Amino acid sequence: MKVPMLDLNAQYEPIKEDVLQAMRDVFDSKRFINGPQIAELEEKIAEYCQCKYAIGVSSGTDAILISLMAMNIGQEDEVITTPFTFFATAGCIYRVGAKPVFVDIDPKTYNINPVLLEEKITERTKAVIPVHIFGQTAEMDKINTIAKKHNLYVIEDAAQAIGSEYKGKRAGSIGDVGCFSFFPSKNLGCCGDGGMVTTNNEELAEKIKILRAHGSKPKYYHKIIGGNFRIDTIQAAVILVKFPLLEKWHKGRQDNAEYYGDRLMDVVGIPYVENYNRMIYNQYTIRTENRDKLQKYLNDSNIGNAIYYPVPLHLQECFAYLGYKEGDFSEAEKAAKEVISIPIYPELTDEQKDYVIEKVINGIRI
Ligand SMILES: *Cc1c(COP(=O)(O)O)cnc(C)c1O
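Being a predicted model, the structure only gives us computed values, none of them experimental.

### Some points on the environment of Ala 10
Okay, step 1: Mapped onto the secondary structure, Ala 10 falls in helix α1 (residues 8-12).
Okay, step 2: C-alpha separation for the pair Ala 10 and Asn 144, spaced 134 residues apart in sequence, amounts to 40 Å.

Structure, rendered in structure tokens:
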């Protein structure tokens, strides 16, 4: 048997005609830029994320970048985040000229550990970017309390967490802004790159809208400097077709997680979910000291898998100038050596799941 890490064919097949029709509609209208599908999607995502505003942008990465720009964060400023995340989170901090400052993770959830946050705050700190890693929200109450005390912005990197909840609040509505990605492997993916910023802050929403079109308002008059951060109409059109299925897909992932969990809990470390969180399982990440052996065994058994993330950001070559060294964030470093993500996409069959379970059990015994 073969189980891919993600099967976009299985997702595409039942919606193929609708997706192609939606794309045809965009071609027929020729409104490739700023087509009406974008506003329609923004309205739907805002409502879904329990926010007043949603602004479509060119990617999840650009959602983070434009948020930092809208907050006037730049040189001399520091922004705190986790070292256990996709590169973009910290890359964007550097790109606006600010300094990334890392805080270690909670080993249970892999999210930033709020207990360690306050000691990293200086008079230069302007924002904190908690990442809702793998689809589970970070400890937002604690983070928001500290941020408020020190007058910091909170940018939720919710790229992996559309629809996840913290104590009944949707990801993207809990901090000052939420950043989402429609990269094809996220729970809601488009057919290329796309992203969204959500917020309840009218001023930030307005500024982000202006920044995404070169800072121009009215057209060709520039009070501020932005960039080309627009989402394509065609991406919005495709997402609109997929959006009504999102809850069903979340449920499929959650059911798969339960199926795995029941059978793997005594074998490997399974995802730990706080009882007040709604986890949407963008990834199902297990943990074992025999990770490298297990990975080889899964590869040999034709089971797709991935290591998110093999090198924590403080040890990346490009961040050597920050002066971090091995041992600085022991939980993130340990996680990087022990985690492995296995297929969790909603279309997995019971046979496929049983095969994965059998191979994981065998793989850690050898
Ligand atoms: C995917 C992802 C991003 C970047 O999104 P893109 O749309 O690929 O630019 C940022 N942060 C995290 C945590 C992600 O998983």
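### Remarks on the site of the ligand
Okay, step 1: Gly 60, Thr 61, Gln 160, Ser 181 and Lys 186 are the nearest of the 15 residues found near the ligand.
Okay, step 2: At a separation of 2.8 Å, an oxygen atom of the ligand approaches a polar backbone atom of Gly 60.
Okay, step 3: Measuring from a nitrogen atom of the ligand, one finds a side-chain N or O atom of Asp 157 at 2.8 Å.
Okay, step 4: Isolated, the ligand exposes 380 Å² of accessible area, and the fraction of that covered by the protein chains is 93%.
Okay, step 5: For the shell around the ligand, the secondary-structure elements that each account for two or more residues are α4 (60-70) and α5 (88-95).

### Focus: the packing of aromatic side chains
Okay, step 1: Overall, the coordinates contain 16 aromatic pairs when judged by the stated rule.
Okay, step 2: Taken together, a centroid distance of 5.7 Å and an interplanar angle of 20° make the contact between Phe 87 and Phe 319 stacked. Of this pair, Phe 87 sits in the loop between β2 (78-81) and α5 while Phe 319 sits in the loop between α10 (291-300) and α11 (330-338), and the two are 232 residues apart along the sequence.
Okay, step 3: In this structure Phe 319 comes out as buried when scored by relative accessible area, which is 2%.
Okay, step 4: Ring centres of Phe 102 and Tyr 324 lie 5.5 Å apart, and the angle between their planes is 55°; on these two criteria the pair is classed as tilted. On the criterion of sequence distance, the pair formed by Phe 102 in strand β3 (residues 99-102) and Tyr 324 in the loop between α10 and α11 is long-range, its members being 222 residues apart.

### Considering α4
Okay, step 1: The buried fraction of α4 amounts to 9 of the 11 residues, a majority that puts the element mostly inside the structure.
Okay, step 2: Those residues of α4 that fall on the buried side of the exposure criterion are Gly 60, Asp 62, Ala 63, Ile 64, Leu 65, Ile 66, Ser 67, Leu 68 and Ala 70.
Okay, step 3: Among the residues of α4, the N-terminal cap falls to Ser 59, whose side-chain oxygen and the backbone nitrogen of Thr 61 are separated by 3.3 Å.
Okay, step 4: Asn 72 lies just past α4 and shows a positive phi near 60°.

### Observations concerning a nonpolar patch on the surface
Okay, step 1: Among the surface-exposed residues, Phe 27, Phe 32 and Ile 33 lie close enough to one another that they form a single nonpolar patch of about 290 Å² accessible area.
Okay, step 2: As for its placement among the helices and strands, Ile 33 is situated in the loop between α2 (16-29) and α3 (36-48).

### Brief notes about the domain arrangement of the protein chain
Okay, step 1: Looking at the protein chain, the domain boundaries give domain 1 (8-103 + 110-243) and domain 2 (245-365).
Okay, step 2: Taking only C-alpha atoms into account, the centre of domain 1 sits 24 Å from that of domain 2.
Okay, step 3: The interface of domain 1 with domain 2 comprises 43 residues on the first partner and 35 residues on the second.
Okay, step 4: Of the roughly 3,300 Å² buried between domain 1 and domain 2, counting both surfaces, carbon and sulfur atoms make up 61%.
Okay, step 5: At the junction of domain 1 and domain 2, the tally comes to 0 salt bridges.
Okay, step 6: Counting across the domain 1 and domain 2 interface gives 24 residue pairs in polar contact (both at pLDDT 80 or more).
Okay, step 7: For the side of domain 1 that touches domain 2, the secondary-structure elements that each account for two or more residues are α1, α5, β3, β6 (165-166) and α8 (233-242).
Okay, step 8: By residue number, the principal contributor to the side of domain 1 that touches domain 2 is β3, which donates 4 residues.

Cut-offs and rules
- Residues numbered from 1 in each chain as written.
- Predicted model: local features only at pLDDT ≥ 70, side-chain atom pairs only at ≥ 80, totals over all residues.
- Heavy atoms only, no water.
- Helix = DSSP H or I, 4+ residues; strand = E, 2+ residues; numbered from the N terminus.
- Near = heavy atom within 4 Å.
- Polar contact = N/O pair within 3.5 Å; in protein donor to acceptor, adjacent residues only side chain to side chain.
- Areas by Shrake-Rupley, 256 points an atom, 1.4 Å probe, with all protein chains shown as cover.
- Phe/Tyr/Trp six-rings, centres within 6.5 Å; stacked < 30°, edge-to-face > 60°.
- Buried < 20%, exposed > 50% of the residue type's maximum accessible area, 1.4 Å probe, protein only.
- Patch = residues over 30% accessible without salt bridge, like charges linked within 9 Å, V, L, I, M, F, W, Y side chains within 5 Å.
- Salt bridge = Lys/Arg side-chain N within 4 Å of Asp/Glu carboxyl O.
- Domains from an automatic or database assignment.
- Contact = heavy atoms within 4.5 Å.
- Buried area = accessible area lost by both parts, 1.4 Å probe.

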